[in-house]
2 protein chains.
Amino acid sequence: MDKKKKIIIADDHPLFLYGVKQIVEESGKFEISGEFNSGEDVFEFIANTKPDFAILDVRMPECSGLEIVEKISDAGLATKAILLTMYKNLNYFYKAVSLGVKGYILKDTATQELLSALEKISYGGVFISEGLQKQLKNRKIDSHKQEIVLLSINSLTASERNILRLLAEWKSTKEIAEELFISERTVSNHRNHICEKLNLKGANRLVRFAIENKELF
Amino acid sequence: MDKKKKIIIADDHPLFLYGVKQIVEESGKFEISGEFNSGEDVFEFIANTKPDFAILDVRMPECSGLEIVEKISDAGLATKAILLTMYKNLNYFYKAVSLGVKGYILKDTATQELLSALEKISYGGVFISEGLQKQLKNRKIDSHKQEIVLLSINSLTASERNILRLLAEWKSTKEIAEELFISERTVSNHRNHICEKLNLKGANRLVRFAIENKELF
DNA sequence: GAATGAATGAGTAGAACTACTCATTTTTTT
DNA sequence: AAAAAAATGAGTAGTTCTACTCATTCATTC
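So, here is what we can say about the structure in this document. In this text, all values refer to a predicted model and were calculated from it rather than measured experimentally. (Residues numbered from 1 in each chain as written. Chains lettered and ligands numbered in written order. Predicted model: local features only at pLDDT ≥ 70, side-chain atom pairs only at ≥ 80, totals over all residues. Heavy atoms only, no water.)

Structural notes on the pattern of salt bridges
Residues and elements named next belong to chain B.
(1) Moving on: Counted according to the given criterion, the structure contains 18 salt bridges over all chains.
(2) Moving on: The partner of Lys-107 in a salt bridge is Asp-57, with the nearest N and O atoms 3.3 Å apart. Remark: Asp-57 occurs in strand S3 (residues 53-57) and Lys-107 occurs in the loop between strand S5 (103-106) and helix H5 (112-122); sequence separation between them is 50 residues.
(3) Moving on: Lys-197 is paired through a salt bridge with Glu-160; the nearest N and O atoms lie 2.8 Å apart. (Salt bridge = Lys/Arg side-chain N within 4 Å of Asp/Glu carboxyl O. Helix = DSSP H or I, 4+ residues; strand = E, 2+ residues; numbered from the N terminus.)

What to know about the nonpolar core
(1) Moving on: Ranked by internal contacts, the top residues of the largest apolar core, which has 100 residues, are A:Leu56, A:Leu83, B:Leu56 and B:Leu83.
(2) Moving on: Setting aside its immediate chain neighbours within four residues, A:Leu56 contacts A:Ile8, A:Ala10, A:Val42, A:Gly65, A:Ile68, A:Val69, A:Ile82, A:Leu83 and A:Leu84. (Core = buried A, V, L, I, M, F, W, Y, C linked by side-chain atoms within 4.5 Å. Buried < 20%, exposed > 50% of the residue type's maximum accessible area, 1.4 Å probe, protein only. Contact = heavy atoms within 4.5 Å.)

A word on the sheet that holds strand S2 (residues 30-36) of chain B
Residue and element names in this part refer to chain B.
(1) Moving on: With parallel pairing, the six strands of this open sheet are ordered in space as S2-S1-S3-S4-S5-S6. In the strand order of this sheet, the two ends are held by S2 and strand S6 (127-128), each with one partner.
(2) Moving on: Examined bridge by bridge, strand S4 (residues 80-85) and S5 share four bridges and lie parallel to one another. Looking at S5, one finds that Ile-82 is bridged to Gly-103. (Pairing = 2+ DSSP bridges.)

Considerations on unusual backbone geometry
(1) Moving on: Phi is positive for A:Asp41, close to 65°, though the residue is something other than glycine.
(2) Moving on: On the basis of relative accessible area, A:Asp41 is assigned to the partly exposed category, the value being 47%.
(3) Moving on: At B:Asn204, a residue that is not glycine, the phi angle is positive and equals roughly 65°.
(4) Moving on: Considering the arrangement of structural elements, one finds B:Asn204 in the loop between helix H10 (184-198) and helix H11 (205-212).

Pasting the structure below:
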C-alpha cells in the first residue's frame, strides 16, 4: 500500500470538521495534517507543508475557500483542492472549476461521497457531487449564460466590487454613498454598470445577486 | 452508572450528522436511537419512541427544527429538544425559548459544547451557546424589542404569513398577486400590515426580514 | 344581532431603485 | 503622448415599494 496522503481541512463548523476528519481517518488511507476553523492562515500552511489535498468550506470567516483555491492556483502548488458547500449555487461551482478545483461536494449529499472523491482525484480525476450534476443537467440551457456571468464578474472594477460587497449587507444607495463619501448618483451609476455587466434586470435583482453570491467577489 | 439515554438526531447535512453522532456515542453515556436527513417523519418517531433528547437542525427540508419542537411541545412529550443552528439570528432563539427548548447551540462553536449541553440538560438545566450569550449581552437594549417582534409574528394572519413566505423567495408584489390570484393592491396592503405589526421601516426591510427569518413563520 | 377581525380592494404621496443617456476628471495602458 | 478604462457626477422617465387613509365583504366571536 502507498504511503498515507496528507490532507488539511478548513471549516468554521467544528462538528462538521469533526465529521470530515472521522470519515477520512477511518478509511486508513489518509492522514489529517492540519485543521482550521477559519480561512485564516490556511494558505500559508498549505504553502509551507504542501499537503496532497485541501478540503475547504466555501463560506468561512476571514478567507473563503474560493479565495484560498485562487491563491493555491496562483502559487502553482500541487495541492488538490476539494470544495465543500451548503449551497447549490452554480456560480460558485463555475468559479471553482475555473480555478482548477478537483472536487466539488454538496454538504447535503456527502459522507461516502467524500471518500469516493478523494479516491477518484488521487488517480487524476475530478469529482462533482451527484446533486450538482443533476442541477447542471437541468440547467443545460442556462449553463452558458451562467459561465458568462462568471466571466463578467471578473470584469468588475474595484469600486464596483466594493459596492456589491456593501449591497450584500443590505445597504441602500444612500447608505453606501455616505459610507464611501461619494455622491448617491455615483453609487447609482455604479449599480447600473454592474447590472449591465452581469445582465441583471428588474427590481431587487442586484441586491439579490449580491446576497446570493457574496463569496464570488 | 445510569442506563444510556436515548437520543435522536435530525440534520440534512450527513457529514454534520456523522460528527454529532460520533461525539455523542464516544462519550458512552448516550445511545443514538434514530437519525434523520430531513424534518420528515421526525415528530412521528419521537411520539412513538419517546427518546430522552432530540438534537435538531433549525433549517431542514420538509419540516424545520422549530416546527418539530412546536409539535413536541403541543403534544406534551417529555423529550428534551436541543436546537443546532448556523445562524446567530436572535429571533430564532427567542422563538425556540418560547417553545420550551432546553438547548440552543451554534454550529460554529459546538463540539464539546454539545456534551456539556446534554450533561447540563440531563440534570434539569438549560444550555445556551456561549457565542449566543455574548450576542444576547451586546444587544441587551434591543432584546425587549426582539421579543416583541416574536410576539408580533404570532399575530400575523394566514394570508400575511403566506405573503411573507413568497417574499422570502424574492418574489415581487406583482408576482405574488399573480400567484395568489389577488390584486396587487391587496398584496401591497398585506405588506403594509405586516410592516406595521413587525415594526419594520424603510426600503427593503420587509424582504430582508422575510429572507432572514424564513423558519419563523 | 352587533362587534371584531380578516381579506379584499383603492387613492395618493413620496422614497428608492431601474434604465437609459451624457459629461468631466483621473488613472492605466499602450 | 495618445487612447482606453475607471471613477465621478448629473438628467430624466418609469417601476416598485413604503406609508399613510379609507371602504366593502365575509366570518367569527360575544
